[in-house]
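Understanding the architecture of this molecule
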Amino acid sequence: MIDVIILLVLVAAIVVATARFRLHPFLALLGAAFVGAFALRLAPLDVVPTITEAFGRTLGNIGIVIVFGTIIGVILERTGAAIAMAEAILRVLGKRFPGLTMSLIGYIVSIPVFCDSGFVILNSLKKAVTVRAGANPIVMTIALMTGLYATHVFVPPTPGPIAAASNYGALDQLGLIIGLGLIVAAVSAIAGLAFAQLYRNSDIPLLPEESEDAIAANASWEELRASYGKLPSAFVSFLPILVPIILICLGSVAALPTAPFGEESPLTITFRLLGAPAVALAVGVIVAALALRGARREKDAFSDRVAEGIRVAAPILLITAAGASFGAVLAASDLVDTLGASLASLGLGIAVPFLVSAALKSAQGSSTVALVTTSTLLFPLLGSLGLDSPIGAVLAVLATGAGAMVVSHANDSFFWVVSQLSRIPVATAYRTLTPATAVQGLAGFAAVWVLSLFLL
């Protein structure tokens, strides 16, 4: 019982340190690992090796994957490829169903691009479609926000799901995580879109565009598009997303016990090599470089985008590795047996990752931190939860992702990006945006739970 209390105090300390005192999650998690090691009575000479070995092992497992995935997202964002993708979807769907169009655009763009950046890029498109289709701006804002949010927490190569997969020991199942994640994300996005429709006849006043910054941030779609010069084609824009996903999925299929491509055949070896996440995303980076051809601005040089991607990925890598160190300390203590027995007696199973992740997300605001911390805490307990099989680990990743959506409010940067760029008053944002994330998180977990009935 004392060990459980120590764990609760450590988790509360992480939340308070990051949310209240703005301490970087890397330092908060690493500090919790050292404090927890002594509080949970690890042998003093085992403390440093336990922490550093887990830290290094995690970076070795997913470091290249996260860096390459982030570089792809940066290239697509900075070259205007994200805009080209949005326009391609708009040409197919037209403006008959504006809410669905914005949700689908967000769903696709947020697979490689962070949801915050995605909303900044697509906000002017949302405004243009809203005016042309005569749609309600609140409906359009929620549709775009929830579409972006859905794939952000469920579908690799977004760093959060990759980090959770690594912590749960499910990197070998990344193709399955992508496939099932796309399904769960679709359910979540549809739920968010359905919630948005509740406001289609509302007349909620928006804030005026008072400052020059606000006006610049809400520049017209035509102005934003023109600022990128010549955009890459839709085919070139989609390719860096599709190629890695296809390769990873083929690698997963080739590794099946049934050996569909033959035992150790050249095709099997090729697919397993190219389907390794690090290799697949390296190919994606090469393909993404095609989007740079003919770029008008010198700052769109490939080396600049790679450097920017590394800068963006670095904090994520450090947070993930520090979380793994914290988890290694917990796994090395007697806490696992104590807490495992308690959770097993409750019979909550797949609900535990969701509930823990939701509590952490709501408390400290970051979906990525919620994914990393929850997977760190629960990996040693998967057996007690009945999730220690490969498919159980995959479902744990998705349940954790669903919890990492519940809920977005004032401690979440995405909440402020959406509300401020959309000129939604804070009180109104709490009535509209925050419940939308709760609805889609619950819908996402419901989809995971249904999958667990058939797959576990």
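Preceding this paragraph is the structure being described.
Residues numbered from 1 in each chain as written. Predicted model: local features only at pLDDT ≥ 70, side-chain atom pairs only at ≥ 80, totals over all residues. Heavy atoms only, no water.

1. Topic: unusual backbone geometry
In this chain, Pro156 is followed by Pro157 through a cis amide linkage whose omega measures 15°. For Pro157, the location among the structural elements is in the loop between helix H7 (137-154) and helix H8 (159-167). A cis amide bond links Val406 with the next residue in sequence, Val407, at an omega value of -10°. Here Val407 is to be found in the loop between helix H19 (390-403) and helix H20 (413-421). For Arg22, which is not a glycine, the phi torsion comes out positive at approximately 60°. Turning to its location among the elements, Arg22 is positioned in the loop between helix H1 (2-19) and helix H2 (25-39). A positive phi angle, near 60°, is found at Arg423, a position not held by glycine. (Helix = DSSP H or I, 4+ residues; strand = E, 2+ residues; numbered from the N terminus.)

2. Some words on the pattern of salt bridges
On inspection of all chains with the given rule, the structure shows five salt bridges. The partner of Arg41 in a salt bridge is Asp3, and the shortest N-O contact between them spans 2.9 Å. Taken as a pair, Arg41 in the loop between H2 and helix H3 (44-78) and Asp3 in helix H1 lie far apart in primary sequence, 38 residues in all. For Asp3, a relative accessible area of 7% translates into the label buried. (Salt bridge = Lys/Arg side-chain N within 4 Å of Asp/Glu carboxyl O. Buried < 20%, exposed > 50% of the residue type's maximum accessible area, 1.4 Å probe, protein only.)

3. Digging into the nonpolar core
Ranked by internal contacts, the top residues of the largest apolar core, which has 153 residues, are Leu122, Phe154 and Phe326. Of all the elements, H7 adds the most residues to this core, at twelve residues. Dropping the residues within four chain positions of it, Phe154 is found in contact with Pro161, Ile177, Gly181, Val184, Ala185, Ser188, Leu398, Gly401, Ala402, Met405 and Gly444. (Core = buried A, V, L, I, M, F, W, Y, C linked by side-chain atoms within 4.5 Å. Contact = heavy atoms within 4.5 Å.)

4. So, the environment of Val4
Locating Val4 in the fold gives a position in helix H1. Overall, Val4 belongs to the buried group, its relative accessible area being 15%. Residues Val4 and Leu40 lie 36 residues apart in sequence; the distance between their C-alpha atoms is 9.7 Å.

5. Things to note about empty space enclosed by the protein
Applying the stated rule across the entire model yields two cavities of 30 Å³ or more. When its volume is computed, the second largest cavity comes out at roughly 30 Å³. Taken together, Ile72, Pro112, Pro157, Pro240, Ile241, Pro244, Ile245 and Leu281 make up the lining of the second largest cavity. With four residues, helix H12 (residues 234-254) is the single largest residue contributor to the lining of the second largest cavity. Of the residues belonging to the lining of the second largest cavity, the class tally is eight nonpolar, no polar and no charged. (1 Å grid on protein atoms, 1.4 Å probe; cavity = no way out; pocket = protein on both sides within 12 Å on 5 of 7 lines; lining within 4 Å. Points joined across faces, edges and corners; volume = space filled by probe spheres on them. Nonpolar A, V, L, I, M, F, W, Y, C, P; charged D, E, K, R; others polar.)

6. Considerations on the packing of H1 against helix H17 (residues 351-364)
For the pair H1 and H17, interaxial distance at closest approach is 9 Å and the crossing angle is 30°. As the angle between them shows, H1 and H17 are arranged roughly parallel. Here H1 runs over H17; the crossing is right-handed. Residues Val11, Val15, Thr18 and Ala19 of H1 pack against Leu360, Ala363 and Gln364 of H17. Tallied by class, the residues present in the contact of H1 with H17 amount to five nonpolar, two polar and no charged. (Axes fitted to C-alpha atoms, helices over the stretch in contact; angles between N-to-C directions. Parallel < 35°, antiparallel > 145°, perpendicular 65-115°, else oblique. Left-handed = near helix turned anticlockwise from the far one by under 90°.)

7. Thoughts on the layout of surface pockets
One number sums up the size of the largest pocket: a volume of about 660 Å³. Around the largest pocket, the lining comprises 26 residues; the ones closest to its centre are Ser366, Ser367, Thr368, Val369 and Ser413. Mapped by element, the contributors of at least two residues to the lining of the largest pocket are H1, helix H6 (115-133), H7, helix H15 (302-332), H17, helix H18 (367-378) and H20. Classifying every residue of the lining of the largest pocket gives twelve nonpolar, ten polar and four charged.

8. A look at H20
Along H20, the positions that sit buried rather than exposed are Phe414, Phe415, Val418, Ser419 and Leu421. With a side-chain oxygen lying 3.1 Å from the backbone nitrogen of Phe414, the N-terminal cap of H20 falls on Asp412. Once H20 finishes, Arg423 follows within two positions and takes phi at roughly 60°, a positive value. (Polar contact = N/O pair within 3.5 Å; in protein donor to acceptor, adjacent residues only side chain to side chain.)

9. Details of a nonpolar patch on the surface
On the surface, Trp449, Val450, Leu453, Phe454 and Leu455 cluster together into a nonpolar patch covering about 540 Å² of accessible area. Note on Phe454: relative accessible area 71%, which makes it exposed. (Patch = residues over 30% accessible without salt bridge, like charges linked within 9 Å, V, L, I, M, F, W, Y side chains within 5 Å. Areas by Shrake-Rupley, 256 points an atom, 1.4 Å probe, with all protein chains shown as cover.)

10. A few points about the environment of Ala32
The topology assignment puts Ala32 in helix H2. Put simply, Ala32 and Ser237 are 205 residues apart on the chain and 42 Å apart in space, counted from C-alpha to C-alpha. Excluding residues that lie within four positions of it along the chain, Ala32 makes contacts with Leu10, Ile14 and Phe326.

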